[in-house]
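Remarks on the overall topology
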Amino acid sequence: MFGYYLDLALRSLARNKVLTTLMVVALALGIGATITTLAVLRLLSGDPLPQKSAQLFYPQMDPYPANQPFSRSGKMPWLLSYVDAMNLLRARRAQRQAAVALSQVKVMPQTADGNPFYADGVMTTADFFPMFDAPFQYGAGWSAGDDDARAQVAVIAGFLNDQLFGGADSVGHMIRIEGHDFRIVGVLRPWAPQPRFYALHLGGHSYGKGQGVFVPLQSARADGITPSAMMSYGPGSGMDHLETSPAIWLGVWLELPDAAAVSTYRRFLANYAQQQVALGRFQKSRTAMPALMEWLRGEHVVPDDARLQAGLAFGFLLICVVNTVGLLLAKCLRRSREIGVRRALGASRAAIFVQFMVEAAIVGMVGGVLGLVFAELGLWGIRHQPAQYAGLAHLDLSMFLFTFVVALAASLIAGLLPAWRACAVAPAPQLKAA
Amino acid sequence: MEIRPILASLRKHRIPTVLIVLEIALTCAVLCNAVFMIGQRVSAIRLPNAIDEHSLSTVGLSGTDEKTAGSDIPRNLAALRGIPGVQAAGAVSTLPLSHNNWGWSFGTSPDVSVFNKKTVNFSLFFLGEGADKALGLRLLEGRFFNADDYADSSFGSAPLPETHVTLVTHSIAERMWPGQSALGKTYYTTSHYYTVVGVIADVLRPNIDGQGEASNYFSAFYPMSAEGSKGNLRRYVLRSAPGDRDRVMRAAEQKLIELNPNGVTKSAIYSDMRDQYFADMRSMAWMLVLVCVVMLAVTAFGIVGLTSFWVGQRRQQIGIRRAVGASRGHIMQYFQTENFLLSGAGVVLGVAMAYGINLYLMQHYEITRMPWYYLPVSAVALWGLGQLAVLGPALRAANVPPVVATRSA
């Protein structure tokens, strides 16, 4: 029976080539636009560390004076001061903890003809690498002892290792950063979490290629390397004495394995802030400790434009579906007589309904395939856009399948009304008219 | 034209009528908002900027020793001024639309911490001697910095310049001292104060929010001596004839590398830098244009499809009307009026939806209220589109010969 419906549907679609093409192309455009924007949105709002993100937390507190708040809408300050960050790190109350700041650093190649260049640098502490599961190609990260000793050690990214050492094992070699020699202890495999959660508000990019150089925070500061972002909350702050300045410039990350550890840490953080109020360092005792994904959502890391595009594409798909409903309806009402004949010859209402749904499904499948082509075309277009995330735009298997689900759902919904109208056609008047 | 028969016939085809009205309404709603977003972006891309944008090229130089800046910067500038075609050269800390922002909040009273709600965030620009002329800043009131101003200014340990003179843009003057002359007025932060010696035409900040507000022009300028600059005068600005920019920029970069072997340079023609800043916005605007065009095409073809179907269905009725005396014009008018009514209903619904969507977007995104005139303009556009789309089917209907009436369907 199904084969017969298929045959009928194909015949009917072939009869009105222009109308059929119109329906398929409109549906395909709607689906293509939707899938393109959804793929981008998914990429941008994805989980940067799926295996770990639920255990990573970002503590926040508020050292700003009451009459000079950080934000007029009551937002928590984005970063921590050096004193507070170090107090949290030294307390060692979490399973792992690291402070992070970003900097542009000048790298001097050791070869004779090499020109100096700037690289994106990360100043951080030992737990950074194990906490974020950063994969090493050669060597490993530095130790907490290196942090305390202000050791001149560095971890470099794979792409920088390729550039400077031709991809060879460079552990033990020296690299000259901002005029100081650092010994390379580790080389990372390609690693660039998207979005770059740990770079948020530190003056780096949220998407695209990762940072090139990682150095211990205290060693870098001893060499006079300054962070890219710094916000002052009182008089007397300066770039040359950031450690004692009333200024926030560090992000701290914590790894807390379970709910009990989280609530214990929340209490510790609240107590710490209250202590600071008692000491007169803080005027406000409020604290916050969002988990990684909560932090990214709260800070609207996904660009507004990407979300607007997705909304627009959905609106467009809706218009295309309405359009398809209208055209399918027109087509099927035109065939009232054919339906009348089939009904008179014994086809049930259900049979007519199925026949028209099959026709709609064919439009949907063809629209889906074509929509996929449009989506690939759209993503190709996005890869050639100037946005920092552009290079990452691609269609994965789940989006691939999702395309067909959307296409089929859209066309079946579009087919429901016409099919229902078709099976409601009374056979007698149609036959009489003939 | 009699409307009642049209309404009667539409009532008999309720579902197709509702569908076509719905499609037009949705298109109208999306169109209004998309066109509004395009308009916002276009106006941001075209924001005026009172520097000599088309004559400037720039070379950034970083990684040099801050301690010798006092002799390095004058030496570099002298070399740059020696390049044929260079009309003026100067060193600055940042440029409009360069993303390199140094912001600070100031108030009009010495007691700023108490009146913090009244403080205004400025972007700070530091100018080395001669940079005002190189940039082509336009003075509206007062004076530019003099040699003493430059010599007296430096950086101490604070993240603010140790000087007491400043140039502000017209927009800052209006915001801080509305209705008064800003000349001689002072603005304060907890530790520093600055007195306005000149007001200049509006210069954009290093970062703007794209909303076309006055705050995009809150740029304040301070003099800075080469020796006291602590590595903050890193960008050399060159002014030349527009045709010379590329050559001058290359020559300047070459010269700076020769003079500063440890330095890292990065050069750009200013108008390219501006284009780069707006590249994302421009591509978004083009994407919106593309979606609008495709959407209008889909809607137009939808109208053509449905009307053609109606014409086909009513061939006999049309024949009868023609046979009893209706002219071709009458038949055309019938379908045009019908479409006019359908578009009208769709547009009314669509305008209401467009307004609703705008309200929603205002709550959830950084989008301002849509000016009212977008609504009638979109409405008229869709009305026009409907009439255009119906023209083909209506002509076909008008060509139905009266003899059809005598044949059985």
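Predicted model, so just to flag it, every value in this text is computed and none were measured.

The rules we used
Residues numbered from 1 in each chain as written. Chains lettered and ligands numbered in written order. Predicted model: local features only at pLDDT ≥ 70, side-chain atom pairs only at ≥ 80, totals over all residues. Contact = placed C-beta atoms within 7 Å. Helix = DSSP H or I, 4+ residues; strand = E, 2+ residues; numbered from the N terminus. Nonpolar A, V, L, I, M, F, W, Y, C, P; charged D, E, K, R; others polar. Core = buried A, V, L, I, M, F, W, Y, C linked by C-beta atoms within 7 Å. Buried ≥ 20, exposed ≤ 12 C-beta atoms within 10 Å, placed from the backbone. Domains from an automatic or database assignment.

Attention now goes to the interface of chain A and chain B. At the interface, 42 residues of chain A touch 41 residues of chain B. Listed by contribution, the elements that provide at least two residues to the side of chain A that touches chain B are α2 (17-44), β5 (117-124), α10 (304-334) and α13 (397-423) of chain A. For the side of chain A that touches chain B, the leading source of residues is α10(A), giving 18 residues. Residue composition of the side of chain A that touches chain B, by class: 25 nonpolar, 11 polar and six charged.

This brings us to the nonpolar core. Ranked by internal contacts, the top residues of the largest apolar core, which has 107 residues, are A:Leu27, A:Phe316, A:Cys320, B:Cys28 and B:Val30. Among the secondary structure elements, those contributing two or more residues to this core are α2, α10, α12 (349-383) and α13 of chain A together with α2 (14-45), α9 (279-313), α11 (328-364) and α12 (374-398) of chain B. At 17 residues, the largest contribution of residues to this core is made by α10(A). Leaving out residues up to four positions away in the same chain, A:Phe316 has contacts with A:Gly30, A:Ala33, B:Val30, B:Val291 and B:Met295.

Attention shifts here to the domain arrangement of chain B. In terms of domains, chain B is made up of domain 1 (4-46 + 280-406) and domain 2 (64-262). Placing a centre on the C-alpha atoms of domain 1 of chain B and another on those of domain 2 of chain B gives a separation of 54 Å.

Another aspect to go through is unusual backbone geometry. The omega angle of the peptide bond from A:Gln194 to A:Pro195 is -15 degrees, so this bond is cis rather than trans. Positionally, A:Pro195 belongs in the loop between β9 (180-188) and β10 (213-216). Notably, A:Asp133 is not glycine yet its phi reads approximately 55 degrees, a positive angle. Along the chain, the position of A:Asp133 falls in the loop between α4 (128-131) and β6 (136-139). Under the C-beta neighbour-count criterion, A:Asp133 is labelled exposed, with 11 such atoms within 10 Å. The phi torsion at B:His99 lies on the positive side, around 70 degrees, for a residue other than glycine. Here B:His99 shows up in the loop between β2 (88-92) and β3 (103-106).

We now examine the environment of B:Arg396. All names here are of chain B. Positionally, Arg396 belongs in helix α12. On the neighbour-count criterion, Arg396 (17 C-beta atoms within 10 Å) is partly exposed. For the pair Arg396 and Gly136, spaced 260 residues apart in sequence, the C-alpha separation works out to 64 Å.

Moving on: the domain arrangement of chain A. Residue and element names in this part refer to chain A. Taken domain by domain, chain A consists of domain 1 (2-47 + 303-433) and domain 2 (59-289). Counting residues at the interface gives seven residues for domain 1 and five residues for domain 2. Of the residues belonging to the side of domain 1 that touches domain 2, the class tally is four nonpolar, three polar and no charged.

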